[in-house]
Amino acid sequence: REGQNIQRIDEAIAVSEFGMLFGKGSDPQMQENFNKFLADSTENGTLERLEEKWFVLDEPTEVLGYDELSGETGTLLFAIESTQKPFSYIKNGSFAGFDVELMILFAQEYGYRLNIEDVSFGGILNGIEQGRYDIAGSGVTITEERKESMDFSAPYHTEDLVLVVKGNASGTEFSDNIFHSLRNSFEKTFIREARWKLLAEGVAITLLISFCATLGGTIFGFVLYMLSRSTWKMVSKITK
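Residues numbered from 1 in each chain as written. Predicted model: local features only at pLDDT ≥ 70, side-chain atom pairs only at ≥ 80, totals over all residues. Heavy atoms only, no water.

### With respect to the pairing of strand β6 (residues 88–91)
Pairing between strand β5 (residues 83–84) and β6: 2 bridges, direction antiparallel. The residue bridging T83 from the neighbouring strand is Y89, located in β6. Hairpin connection of β5 to β6: 3 residues between the antiparallel strands. Two strands pair when backbone bridges link them, and β6 and strand β7 (residues 94–96) are joined in this way by 3 bridges, in the antiparallel orientation. Across the sheet, residue I90 finds its bridge partner in β7, namely F95. Taken together, β6 and the strand that follows it, β7, pair antiparallel across an intervening segment of 2 residues, in which N92 is found at a positive phi of about 55 degrees. (Pairing = 2+ DSSP bridges. Helix = DSSP H or I, 4+ residues; strand = E, 2+ residues; numbered from the N terminus.)

Okay, here's the thing in structure tokens:
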């Protein structure tokens with residue numbers, strides 16, 4: 001935010017992979033073709049050029065259309081969410097973005113026609129699971145949980161997940177600050193404020209209750225056992 005000293009920690013804490021979703025029951029040949037297209041696009045630099053075009057501050061002016069696609073191979077129902085800029089959004093009344101252009105290039109190369117449907121992210125996941133769409137995008141991250149119920153393409157884009165902190169700090173300094181804060185908090189809570197006494201008292205009370213319960217149960221059981229062996233008829237009737 002403007003006026004605040006915000007710094008990005010360069011060391012990535014995780015890596016997110018993005019992939020297209022294949023609908024349940026979608027054509028296996030189409031899936032194979034798409035993954036081959038991704039491999040070829042990585043090798044010939046197409047994916048890199050798309051990243052340079054769409055993942056920039058200045059919005060691209062040139063947007064590919066998809067109305068003139070041949071369609072001799074068939075039509076693909078492609079689901080997107082049009083609020084996920086720069087992956088998929090609406091520009092000048094048409095769908096645009098990294099995922100949209102990637103699908104247009106794939107359709108051009110393999111002879112598909114595209115029918116793009118704008119739905120919510122929840123609608124995308126639900127529609128893919130039910131087989132309503134052939135393929136879906138919009139910057140969907142690949143997770144193990146999602147892979148249990150749906151099929152992903154090979155990753156077409158990766159991003160590092162980093163931390164943003166207030167103030168100036170390197171990754172090492174940030175980690176040191178965290179441990180320093182935890183150490184100070186522990187010292188303040190347990191040492192200076194003597195909270196360890198409350199913990200010790202709680203443990204002592206728990207042990208005392210456990211001991212008394214065990215001892216009382218043992219005594220009560222022993223008494224019942226002795227009464228059951230009594231020769232007094234009245235006592236024997238009660239304990240049987």
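On we go from here.
### Section: the packing of helix α2 (residues 46–54) against helix α3 (residues 98–110)
For any two helices packed against each other, the geometry comes down to the angle between their axes and how far apart the axes lie. Between α2 and α3, the least distance of the axes is 10 Å, while the angle of their chain directions is 145 degrees. When the axes of α2 and α3 are compared, the crossing they make is right-handed. In contact with T46, L47, L50, E51, K53 and W54 of α2, α3 contributes F98, E101, L102 and L105. A breakdown of the residues in the contact of α2 with α3 according to their chemical character gives 6 nonpolar, 1 polar and 3 charged. (Axes fitted to C-alpha atoms, helices over the stretch in contact; angles between N-to-C directions. Left-handed = near helix turned anticlockwise from the far one by under 90°. Contact = heavy atoms within 4.5 Å. Nonpolar A, V, L, I, M, F, W, Y, C, P; charged D, E, K, R; others polar.)

### A word on the pattern of salt bridges
Pairing between side chains becomes possible if they bear opposite charge and their charged atoms approach one another. Counted according to the given criterion, the structure contains 5 salt bridges. Measuring nitrogen to oxygen at the nearest pair gives 2.9 Å for the salt bridge that ties D40 to K36. A residue pair is termed a helical-turn pair when its members lie 3 or 4 positions apart in one helix, as D40 and K36 do in helix α1 (residues 28–44) at 4 residues. For D40, a relative accessible area of 25% corresponds to the partly exposed category. The class of K36 is partly exposed, set by a relative accessible area of 47%. In this structure, the salt-bridge partner of E59 is K85, at a minimum N-O distance of 3.3 Å. (Salt bridge = Lys/Arg side-chain N within 4 Å of Asp/Glu carboxyl O. Buried < 20%, exposed > 50% of the residue type's maximum accessible area, 1.4 Å probe, protein only.)

### Some remarks on the packing of α1 against α3
Relative orientation of the contacting elements α1 and α3 amounts to 110 degrees, with a least axis distance of 11 Å. Relative to α3, the element α1 lies roughly perpendicular. Where α1 crosses over α3, the two elements pack in a sense that is right-handed. Residues M30, N33, F34, K36, F37 and L38 of α1 pack against L102, M103, L105, F106, E109 and Y110 of α3. Its residues assigned to classes, the contact of α1 with α3 comprises 9 nonpolar, 1 polar and 2 charged. (Parallel < 35°, antiparallel > 145°, perpendicular 65-115°, else oblique.)

### Notes on α1
Since the α-helix turns once every 3.6 residues, residues separated by three or four places project in the same direction. End to end, α1 covers 24 Å across 17 residues, agreeing with the expected 24 Å (1.5 Å per residue, within 8%). Residues M30, Q31, N33, F34, F37, L38 and S41 constitute the buried set of α1. One face of α1 carries all of its buried residues, which in axial projection span an arc of 160 degrees. Looking at α1, the residues exposed on the side facing more than 90 degrees away from the buried face are P28, E32, T42 and E43. On its buried face, α1 is in contact with β3 (21–22), α2, β4 (74–80), α3, β8 (112–118) and β9 (135–136). The N-capping residue of α1, defined by a side-chain oxygen 3.0 Å from the backbone nitrogen of Q29, is D27. (Expected span 1.5 Å × (residues − 1). Arc of directions from axis to C-beta. Polar contact = N/O pair within 3.5 Å; in protein donor to acceptor, adjacent residues only side chain to side chain.)

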